[in-house]
Number of protein chains: 2
Amino acid sequence: MGARPSIKDQLQRVRQDAIVGAVNRLLATKGYDAMTVDEVAADAGLAKASLYKLFPSKEELAGAAMVGALDRALAFVDELRAQAEQAEQAEQAAQGGGKVAAVAQLKAVARWAMATQLEGEMPTLPAHNSSLSASLQSNDAYMDRLLALSNRLSIWITEAQTGGQLNPQLPPDLVLYTLFARACDPVVALLKDSGQYSHEQIIDWVLSTTFDGLAHQAG
Amino acid sequence: MGARPSIKDQLQRVRQDAIVGAVNRLLATKGYDAMTVDEVAADAGLAKASLYKLFPSKEELAGAAMVGALDRALAFVDELRAQAEQAEQAEQAAQGGGKVAAVAQLKAVARWAMATQLEGEMPTLPAHNSSLSASLQSNDAYMDRLLALSNRLSIWITEAQTGGQLNPQLPPDLVLYTLFARACDPVVALLKDSGQYSHEQIIDWVLSTTFDGLAHQAG
DNA sequence: GTCTATATCAAGATAGAC
DNA sequence: GTCTATCTTGATATAGAC
């Protein structure tokens, strides 16, 4: 268990990372259907047959990339939670009442997701591919992380709803879906492709429309 | 020009409608990549070779379906405009000040688009297909209608922004993109697939989050 | 374990009979 | 003008040498 990995294992690990990284980039830029396994192999610098020894299908490749992306999201969320806990303790020691607003955490996650998309590092999969969906749903590593992330976000969502920071009449699932949807929002992509706006500006705008709507008057 | 179409022309027209209708359904349900020309031919009830005599490529098929969808959207918008004009005249005759709020028109369009999606009749195309995008951008019928629809909506958008019903700090294009995005919103599809909510309920919720945001408290 | 070369197959597109 | 049968291509996946 705690044994130091051998040189060979480390090389394997590096190669796997190269593959998953290539898949991640290609999924983020071209999407699943346009991504070919030949491209992945060329990008990762190995022969296609070698790649198929490690990942038995294109669908498994996509699953590995999604697991990586979910891991990054979970790491970001856990970092937020750790910071919030620290801030709470400091505030309690000082003057109390320092709980970090749940809605602020949700906005931070949305910001992170949109920034990731703007950097071309957010892999996205087609919603209407039944074979791929089936493969993902039987992928335990993927489902575990998806559930873990959903659970963590759902806690903040219900907290923000009971606290009156989010509309309590909306089903929590709708809020959750909306946040996931912002991670691959075509509006973000269109604004980016227009080339007129900075990433910061795009994120601010879409975040504003997501939480406050198109009608909101800046105060 | 005004001549009555021959029987033969009418038959052709019926057949074309059958083809475009099949493409529309398939694009709405499976998406462009998963749609095969064999399916289209089978669905429309003719041989693939005959289909290729009428539409020289799969991309042209998609373009024809999109033109149809844009025509329906334009018809809906023009109907709204006609009704608004009528209402204004009636109000002016009575007591004046009866201008229909531009934002109400935009909400009506968003409602119509989401209802169309929920009925499985909103064709959608992949954003990341350069060959298909190129084909559409050189499709005059498509571009004409896309511009016409964008122009009509943009008038309402700037009107609502100067009237203070929409946030005037947002670029009008962002508002336009957001409305187009709602027509194929994955959140709508997910809520529908959950099977828990009525179409009316889904539309109300997503409309509320679009214009008033996730934070809005129902008054 | 990695590569070259190939099998296999699905899907877009076409030829040619009627 | 429509159909059956076929061509062609590109992409997933694999066999077999080294």
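This report concerns the structure included in the present document. (Residues numbered from 1 in each chain as written. Chains lettered and ligands numbered in written order. Predicted model: local features only at pLDDT ≥ 70, side-chain atom pairs only at ≥ 80, totals over all residues. Heavy atoms only, no water.)

## Concerning the interface of chain B and chain A
So, point 1. Listed as interface residues are 36 residues of chain B and, on the opposing side, 36 residues of chain A.
So, point 2. In this structure, the connection of chain B to chain A is made through zero salt bridges.
So, point 3. Joining chain B to chain A, the criterion identifies twelve residue pairs in polar contact (both at pLDDT 80 or more).
So, point 4. Looking at the side of chain B that touches chain A, the elements that each hand over two or more residues are helix H1 (7-29), helix H8 (172-182), helix H9 (186-194) and helix H10 (199-212) of chain B.
So, point 5. Among the elements that line the side of chain B that touches chain A, the one with the most residues is H8(B), at six residues.
So, point 6. Counted by class, the side of chain B that touches chain A contains 19 nonpolar, 13 polar and four charged residues. (Contact = heavy atoms within 4.5 Å. Salt bridge = Lys/Arg side-chain N within 4 Å of Asp/Glu carboxyl O. Polar contact = N/O pair within 3.5 Å; in protein donor to acceptor, adjacent residues only side chain to side chain. Helix = DSSP H or I, 4+ residues; strand = E, 2+ residues; numbered from the N terminus. Nonpolar A, V, L, I, M, F, W, Y, C, P; charged D, E, K, R; others polar.)

## Overview of the protein's contact with DNA strand D
So, point 1. Taken together, 18 residues lie near DNA strand D, and A:Lys48, A:Tyr52, A:Lys58, B:Ala47 and B:Ser50 sit nearest.
So, point 2. For DNA strand D, the backbone makes up 52% of the atoms found within 4 Å of the protein, where backbone means sugar plus phosphate.
So, point 3. In the environment of DNA strand D, a phosphate oxygen lies 3.1 Å from a nitrogen or oxygen atom belonging to the backbone of A:Val37.
So, point 4. Contact between DNA strand D and A:Lys58: a phosphate oxygen at 3.0 Å from a main-chain N or O atom of the residue.
So, point 5. If you tally residues by element for the surface near DNA strand D, the top one is helix H3 (residues 48-54) of chain A, at four residues.
So, point 6. Residues belonging to the surface near DNA strand D are distributed by class as follows: seven nonpolar, four polar and seven charged. (Near = heavy atom within 4 Å.)

## Looking at the nonpolar core
So, point 1. Judged by nonpolar contacts, the single largest core of 118 residues is most densely connected at A:Ile19, A:Leu51, A:Phe211, B:Leu166 and B:Phe211.
So, point 2. Non-local contacts of A:Leu51, meaning those with residues more than four positions away in its chain, are made with A:Ile19, A:Val37, A:Val40, A:Ala41, A:Leu46 and A:Leu61. (Core = buried A, V, L, I, M, F, W, Y, C linked by side-chain atoms within 4.5 Å. Buried < 20%, exposed > 50% of the residue type's maximum accessible area, 1.4 Å probe, protein only.)

## Digging into the pattern of salt bridges
Side chains that differ in sign of charge can pair as their charged atoms come close.
So, point 1. Overall, the coordinates contain 20 salt bridges over all chains when judged by the stated rule.
So, point 2. Here A:Arg81 makes a salt bridge to A:Asp78, at a shortest N to O gap of 3.6 Å. Of the two residues, A:Arg81 and A:Asp78 are both situated in helix H4 (residues 58-94); the distance of three residues between them amounts to about one turn of the helix.
So, point 3. Here A:Arg81 falls in the partly exposed class, since its relative accessible area comes to 37%.
So, point 4. Residue A:Asp78 is classed as partly exposed on the basis of its relative accessible area of 31%.
So, point 5. Residues B:Arg111 and B:Glu200 are paired through a salt bridge, measuring 3.6 Å at the closest nitrogen-oxygen approach. Taken together, the residues span a long stretch of sequence, with B:Arg111 in helix H5 (residues 102-118) and B:Glu200 in helix H10 at a distance of 89 residues.
So, point 6. On the basis of relative accessible area, B:Arg111 is assigned to the partly exposed category, the value being 32%.
So, point 7. Salt bridges sharing common partners tie together A:Asp78, A:Arg81 and A:Arg152.

## What to know about the environment of B:Phe211
So, point 1. Take B:Phe211: it is sitting in helix H10.
So, point 2. As a C-alpha pair, B:Phe211 and B:Leu106 span 105 residues in sequence and 9.9 Å in three-dimensional space.
So, point 3. With residues near it in sequence (within four places) discarded, B:Phe211 still touches A:Asp212, A:Gly213, A:Leu214, A:Ala215, A:His216, B:Val103, B:Leu106, B:Lys107, B:Ala110, B:Leu166 and B:Leu179.

## Things to note about the side chain of B:Gln117
All names here are of chain B.
So, point 1. Its location among the elements puts glutamine 117 in helix H5.
So, point 2. Accessibility expressed as a relative area gives 15% for glutamine 117, which makes it buried.
So, point 3. Those residues within four positions of glutamine 117 in sequence are excluded, and the remaining contacts are Met122, Arg182, Ala183, Cys184, Asp185, Val188 and Ala189.

## Regarding the protein's contact with DNA strand C
So, point 1. Taken together, 17 residues lie around DNA strand C, and A:Ala47, A:Ser50, B:Val37, B:Lys48 and B:Tyr52 are the ones closest in.
So, point 2. For DNA strand C, the backbone makes up 57% of the atoms found within 4 Å of the protein, where backbone means sugar plus phosphate.
So, point 3. With respect to DNA strand C, the side chain of A:Arg15 contributes an N or O atom lying 3.0 Å from a phosphate oxygen.
So, point 4. Contact distances for DNA strand C include 2.9 Å between a phosphate oxygen and a backbone N or O atom of B:Val37.
So, point 5. Looking at the surface near DNA strand C, the element that brings in the most residues is helix H3 (residues 48-54) of chain B, giving four residues.
So, point 6. A class-by-class count of the residues in the surface near DNA strand C yields seven nonpolar, four polar and six charged.

## Some thoughts on the packing of helix H1 (residues 7-29) of chain A against helix H2 (residues 37-44) of chain A
All names here are of chain A.
So, point 1. Packing of H1 against H2 brings their axes to within 9 Å, and their N-to-C directions diverge by 130°. Comparing the axis directions of H1 and H2 gives the class oblique. The interaxial crossing formed by H1 with H2 has right-handed handedness. Facing Ala18, Ile19, Ala22, Val23, Arg25 and Leu26 of H1, the residues of H2 in contact are Glu39, Val40, Asp43 and Ala44.
So, point 2. Residues of the contact of H1 with H2, tallied by class, amount to seven nonpolar, no polar and three charged. (Axes fitted to C-alpha atoms, helices over the stretch in contact; angles between N-to-C directions. Parallel < 35°, antiparallel > 145°, perpendicular 65-115°, else oblique. Left-handed = near helix turned anticlockwise from the far one by under 90°.)

## A short note on the relation of the copies chain B and chain A
Applying a rotation about an axis and a shift along it to one chain copy brings it onto the other copy.
So, point 1. When chain B is brought onto chain A, the operation consists of a screw motion whose angular component is 180° and whose axial shift is 0.0 Å, with 0.1 Å RMSD remaining. Taken together, the turn and the small shift mark the pair as related by a two-fold rotation axis. If distances are taken from each C-alpha of chain B to the rotation axis, the shortest is found for B:Gly213, at 1.9 Å.
So, point 2. The overlap is high: 100% of the interface residues of chain B also sit at the interface in chain A, so the same surface is used on both sides. (Least-squares fit on C-alpha atoms with pLDDT ≥ 70 in both.)

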